[in-house]
Amino acid sequence: MNNMSSSNSQQQQQSSEARHDDDAVLTEFLASLMDYTPTIPDELVEHYLAKSGFQCPDVRLVRLVAVATQKFVADVATDALQQCKARPAPVVKDKRDKQQKEKRLILTMEDLSKALSEYGVNMKHQEYFADSPSTGMDPASREE
């Protein structure tokens, strides 16, 4: 029985030390947010936080939300780009057009919808959205 109480005491001490280390890391991270200027302005984040009913005078927390939002947008954009690259390229008849089209990627709403669905965001859009690279072109010159 004595071994068990000694074992429990050691586990509690290790747990307390780990919590202290986590607290120190968190405190250091939050302090570093004061020197960081996020891509998404504080005012914009504060606006949407207030719109959702959240008020917080701590700038560090607002910047933490901004950093998390920036990471989310970057991840979605990266995934949408992968969807775009995975899409089969349209067949091109003219060699001049082929050189230009190989360099250009066109991100569509379908690419974005697929990327967002991986994060649990279901996006539906109207049928009339311009999702085709040839939208707006003369019907005679379309290659679809």
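Residues numbered from 1 in each chain as written. Predicted model: local features only at pLDDT ≥ 70, side-chain atom pairs only at ≥ 80, totals over all residues. Heavy atoms only, no water.

Q: Even after reading the chapter, I still don't get the overall build of the protein, so can you show me in this structure?
A: Each helix and strand in the protein was counted, giving 5 helices and 0 strands. Reading the protein from its N terminus to its C terminus gives the helix and strand order α-α-α-α-α. Per-residue burial for the protein yields a buried fraction of 15% across its 144 residues. Within the protein, residue pairs in contact and separated by at least 24 positions form 56% of the contacts whose partners lie at least 6 positions apart. Put simply, the protein shows about 11,700 Å² of open surface, and 54% of that area lies on carbon and sulfur atoms. (Helix = DSSP H or I, 4+ residues; strand = E, 2+ residues; numbered from the N terminus. Buried < 20%, exposed > 50% of the residue type's maximum accessible area, 1.4 Å probe, protein only. Contact = heavy atoms within 4.5 Å. Areas by Shrake-Rupley, 256 points an atom, 1.4 Å probe, with all protein chains shown as cover.)

Q: For this particular structure, what's the right way to read a nonpolar patch on the surface?
A: A contiguous nonpolar patch, built from Leu-26, Phe-29, Phe-54, Leu-61 and Leu-64 and spanning about 390 Å² of accessible area, is present on the exposed surface. For the nonpolar patch, the elements supplying multiple residues, two or more each, are α1 (2-33) and α3 (59-86). (Patch = residues over 30% accessible without salt bridge, like charges linked within 9 Å, V, L, I, M, F, W, Y side chains within 5 Å. Salt bridge = Lys/Arg side-chain N within 4 Å of Asp/Glu carboxyl O.)

Q: Would you explain α3 in this entry?
A: Note that an α-helix has 3.6 residues per turn; residues three or four places apart therefore point the same way. The terminal C-alpha atoms of α3, which comprises 28 residues, lie 40 Å apart, in line with the 40 Å expected from a rise of 1.5 Å per residue. Along α3, the residues that are buried comprise Val-62, Arg-63, Ala-66, Val-76, Asp-79, Ala-80 and Cys-84. (Expected span 1.5 Å × (residues − 1).)

Q: Where do I start with the packing of aromatic side chains in this structure?
A: The relation between two aromatic rings is expressed through the spacing of the ring centres and the mutual angle of the planes. Tallied over the full model, the rule gives 1 aromatic pair. When the ring of Phe-72 is compared with that of Tyr-119, the centres are 5.5 Å apart and the planes differ by 80°; the resulting orientation is edge-to-face. One end of the pair, Phe-72, is in helix α3; the other, Tyr-119, is in the segment after α5 (109-117), and 47 residues separate them in sequence. Note on Tyr-119: relative accessible area 34%, which makes it partly exposed. (Phe/Tyr/Trp six-rings, centres within 6.5 Å; stacked < 30°, edge-to-face > 60°.)

Q: Before we go on, may I ask you to explain the environment of Thr-69 in this structure?
A: Tracing the sequence through the fold places Thr-69 in helix α3. Note on Thr-69: relative accessible area 32%, which makes it partly exposed. For the pair Thr-69 and Pro-38, spaced 31 residues apart in sequence, the C-alpha to C-alpha distance is 9.9 Å.

Q: Before we go on, may I ask you to explain the packing of helix α2 (residues 42-51) against α3 in this structure?
A: Axes are the key here: two packed helices are described by the angle between their axes and the distance separating the axes. At their nearest, the axes of α2 and α3 sit 9 Å apart, and the two run at 90° to each other. Considering their axes alone, α2 and α3 lie roughly perpendicular with respect to each other. The segment α2 lies against α3, with Asp-42, Val-45, Glu-46 and Leu-49 engaging Val-59, Val-62, Arg-63, Val-65 and Ala-66. Here the contact of α2 with α3 is composed, by residue class, of 6 nonpolar, no polar and 3 charged. (Axes fitted to C-alpha atoms, helices over the stretch in contact; angles between N-to-C directions. Parallel < 35°, antiparallel > 145°, perpendicular 65-115°, else oblique. Nonpolar A, V, L, I, M, F, W, Y, C, P; charged D, E, K, R; others polar.)

Keep in mind these numbers describe shape, not what the thing actually does.
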